[in-house]
Amino acid sequence: MASRAVKFKVERRVLDELRLEELTPRKPYSDTHKSLKVRLRDSFRCSLSKLKHGLMSILPVLYWFPKYSIWDYGMPDLISGISVGIMHLPQGMAYALLASLPPVFGLYTSLYPALVYFFFGTSRHISIGTFAVLSIMVGSVTERLAPDVNFRIMNGTNITSEVDITSRDSYRVQVAAATTVLGGLIQVVLGLVKFGFVGTYLSEPLVRAYTTAAAAHAVVAQLKYIFGVSPTRFSGPLSLVYTLMDVCVLLPQTHLPTLAVSLVSMAFLIAAKELNSFLSQKLPVPIPVELITVVAATFLSNCVHLSDNYSVPVVGEIPSGLSPPKVPDVSIFGEVAGDAFAIALVAYAISISLGKTFALKHGYKVDSNQELVALGLSNAAGGFFQCYSVCASMSRSLIQETTGGKTQMAGVASAVIVLVTILKLGPLFQELPKAVLAAIVFVNLKGMFKQYADIVTLWRSNKIDLVLWLVTWVATILFNLDLGLAASIAFALLTVIFRTQLPTYSVLGNVPGTELYVDMEIHQQAKEIPGVTIFRSSATVYFANADLYLEALKEKSGLDISKMILYKRRQEAKQRRRQRRAERRAKRQAKREHQQAERCAPVFSVEEEAEHWRDTCLDGGDTQVWTERQNGTVFVVPTNSQTPDGRCRWEYLKGGDPESHSLGWMSQLQDGDTTTLGSSSEDTLSRDLERVSLGSLGKWTWDIHSIILDLSTANFIDTVAIKTIKNIFKDFSEIDVDIYMAGCQTSVVEQLELGGFFSETITKEHLFVSVHDAVLHCLDHRGAASIPRYEPSWNMDTDTKL
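Computed from a prediction, not measured in an experiment: that's the story for all the values here. (Residues numbered from 1 in each chain as written. Predicted model: local features only at pLDDT ≥ 70, side-chain atom pairs only at ≥ 80, totals over all residues. Heavy atoms only, no water.)

(A) Up close: the overall build of the protein. Counting its secondary structure elements, the protein contains 29 helices and 16 strands. When burial is assessed residue by residue, the protein has 49% of its 802 residues classed as buried. Residue pairs in contact within the protein that sit at least 24 positions apart in sequence constitute 78% of those at least 6 positions apart. Counting every atom, the protein has about 39800 Å² of accessible surface; 60% of that belongs to carbon and sulfur. (Helix = DSSP H or I, 4+ residues; strand = E, 2+ residues; numbered from the N terminus. Buried < 20%, exposed > 50% of the residue type's maximum accessible area, 1.4 Å probe, protein only. Contact = heavy atoms within 4.5 Å. Areas by Shrake-Rupley, 256 points an atom, 1.4 Å probe, with all protein chains shown as cover.)

Okay, here's the thing in structure tokens:
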């Protein structure tokens, strides 16, 4: 039979891991991996430059404020700060109602944290202060620990339905302050340990779904102010459903004057905002719609005496001046620890996403860890002044950016506006109806309600993100904000595990004229490399998907290793028995043994030698096993050469059409102890010839001599994956298939070394820099039945020997 020897000449040197280390030796491990002692020693070393850099990292204001130009930035920052400060006033008072606190504490929250962020923050455009989602989260804590039922007024020995509002609000302020300080401390600690990436666990679909569900909580919380009813306060899972049901039951008791004020306010706000949007291109500064609404409503309430004549609830007393700092009640920390952590996480995720958006737009950098520290200090310091949790506000940040704000000085200007209001103008808003503040909350949540359009977008783009969006929304609606966030994060992590456990497995082919290898099922121009299977997983191989990786490799390569090895061992055992019987017969039949040896051939063609077999092998020789050439049939022929351990070497030849599924039946012969395969073919030799077909075990394409594992997608490898790959090397070597790995990152190679992967049988010569290097080595080492002429990077001279 003709055999083909192929010589290859490549344009560059084929690089495996050993040759790569010869060309570019790796640095010593001690140079690239410093010990903990060395790292600690370096961190505590002090120099003037290091001290300066450290101070500027802790206090970013020292970096940019000395370079501040009043002529370039002063006027834009002033205009922007005034615009944002005007928005702080109505939003601060309105969102304080969401936190179940008196409105004046919303003004405090708009003042102190903004001043602290000026010194420690790195974003130039975000506006720190009250935010609807955080206000709702704080409100759920205050109402859980300070419900109305705990502050009923005693009338002798009886408990009345009246509530001691002063005592209740005082304790709620303590709860909110304690939650804020604890949440701020958590943020500071996370920032100091460089845990700023924690916000990445909150993906955009999760955050948008969470804020959308929080908007629903905000709406339900404001219904009592809109309709003028007093529903029962619920907490825990399904509290939103119970509250909404109670409000529906109380609808017949709606206070009509309060409802009228709410509807008029909402109509005015909606109309004014639409006009504002329509004229946005022509107006240098947006119209302060909320402030105009608050001023007009306060003026009408004073004129008409809505509180006295129509019993419309109003804001009430707003003390002028600033309250002194007060140490929070640390005994509350244990009861609010989980809520504080959730609030800290959500606040950071919202702030850093806005900060990075504006930084990318205006070409500067935001430090994630420093932002976490700045936000934590703003909350911790604000908690001492009876503020509640803050973060960046989307609406105010957009106003600060669109009105020309350049630096954090805009935040100082807005804080000055709030300060003036607290000191001098606060008492003027005592007659402001709470229904107006509720209407402001309603209208400002319009942007969050638009996020329901994400369902349609995600349905078209990514079904898994859609499921995450829906699960987050449902969990937040049903389980409340704290448990809903925990359930959402857990489900998000499960989706990551699910994606890595079920990655996409593909067989790669070469793009003609290039060194690129792409999925053959997707790219039409990809060509299969003869005799070589290139296997790639879209995810890192680790303990959760190692077994799936092995099964996918068997499926894609078409080789059921376990069955083939079992069958091969059975045939080897039968072959050894035949040899022993032949040796016994040889003593009695020397002449027949000599004739038998002459007839044995290691590799033959069934079509060309069938007639010769009929004449020479009808005497029962049992050292050759073969089948007729059928579609999808694999021929197994033992050769005379033996391995050092005494086993015969097996040659595997592929049959006809590889796409055929025709299989025969198997039976055991009594006399020869061999496996035969029946066939529908009417061949007269079937009664005389011993036939073996591995096709009965499955459909295989047995022209593979090398398999390349593309591990370029792996960023780490664990012990389970190392054992799995070692088993792949071992199993495939038993059927004479070479295994190679390609594209491993340096960190993966180091983990393989530390895991004891390399040995005498598996060396670094099995590890190649790229898939193309591995392919060239395979073709040079094992050759191919047919060599494609479309590959210009393979300069090959083919010599045929007969």
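(B) Representation of empty space enclosed by the protein within the structure. The full count for this structure, using the stated rule, is 9 cavities of 30 Å³ or more. Around the largest cavity sit 13 residues that line it, and A114, Y117, I126, I128 and G411 are the ones nearest its centre. Elements represented by at least two residues in the lining of the largest cavity include exactly α7 (103-120) and α18 (409-425). When residues of the lining of the largest cavity are assigned to their parent elements, the largest contribution, 3 residues, is made by α7. Looking at side-chain class alone, the lining of the largest cavity contains 5 nonpolar, 7 polar and 1 charged residues. (1 Å grid on protein atoms, 1.4 Å probe; cavity = no way out; pocket = protein on both sides within 12 Å on 5 of 7 lines; lining within 4 Å. Points joined across faces, edges and corners; volume = space filled by probe spheres on them. Nonpolar A, V, L, I, M, F, W, Y, C, P; charged D, E, K, R; others polar.)

(C) Here's a closer look at the pairing of strand β6 (residues 505-510). In terms of burial, β6 is a largely internal element, 5 of the 6 residues being buried. Of the pairings in the sheet, the one linking β6 to strand β8 (residues 532-537) comprises 4 bridges and is antiparallel in character. Bridging from a neighbouring strand, V507 pairs with F535 of β8. Inspection of the sheet shows β6 paired to strand β7 (residues 517-519) by 3 bridges, in the antiparallel sense. The residue bridging G509 from the neighbouring strand is V518, located in β7. Once β6 ends, the chain turns through 6 residues before running back antiparallel as β7, passing G513 with a positive phi of about 85°. (Pairing = 2+ DSSP bridges.)

(D) The arrangement of helix α9 (residues 165-192) in detail. Taking 1.5 Å of rise per residue, 28 residues should cover 40 Å, and α9 covers 40 Å from first to last C-alpha, within 8% of that figure. K194 occupies a position one or two residues after α9 and carries a positive phi of about 60°. (Expected span 1.5 Å × (residues − 1).)

(E) Structural view of a positive patch on the surface. A surface patch of like charges, here positive, comprises R576, R580, R584 and R588. The residue R584 is located in helix α24 (residues 561-588) in this model. (Patch = residues over 30% accessible without salt bridge, like charges linked within 9 Å, V, L, I, M, F, W, Y side chains within 5 Å. Salt bridge = Lys/Arg side-chain N within 4 Å of Asp/Glu carboxyl O. Lys, Arg positive; Asp, Glu negative; His and termini not counted. Charge placed at Lys NZ, Arg CZ, Asp CG, Glu CD.)

(F) The sheet that holds strand β14 (residues 738-742), seen in detail. Pairing within the open sheet is mixed, and its 6 strands lie in the order β7-β6-β8-β13-β14-β15. If you trace the sheet from one side to the other, it starts and ends with β7 and β15 (767-768), each paired once.

(G) Just helix α15 (residues 333-362), in detail. Here α15 contains 30 residues, and its C-alpha end-to-end distance of 40 Å stays within 8% of the 44 Å for a straight helix at 1.5 Å per residue. The largest bend along α15 reaches roughly 35° and is located at D339. Positive backbone phi, approximately 75°, marks G363, located one or two places after α15. (Bend = angle between axes of the 7 residues up to and from the residue.)

(H) Geometry of a nonpolar patch on the surface. A cluster of nonpolar residues, V189, L192, V193, F195, F197, Y201 and L493, forms a patch on the protein surface that exposes about 660 Å² of accessible area. If you trace the backbone, F195 turns up in the loop between α9 and α10 (204-227).

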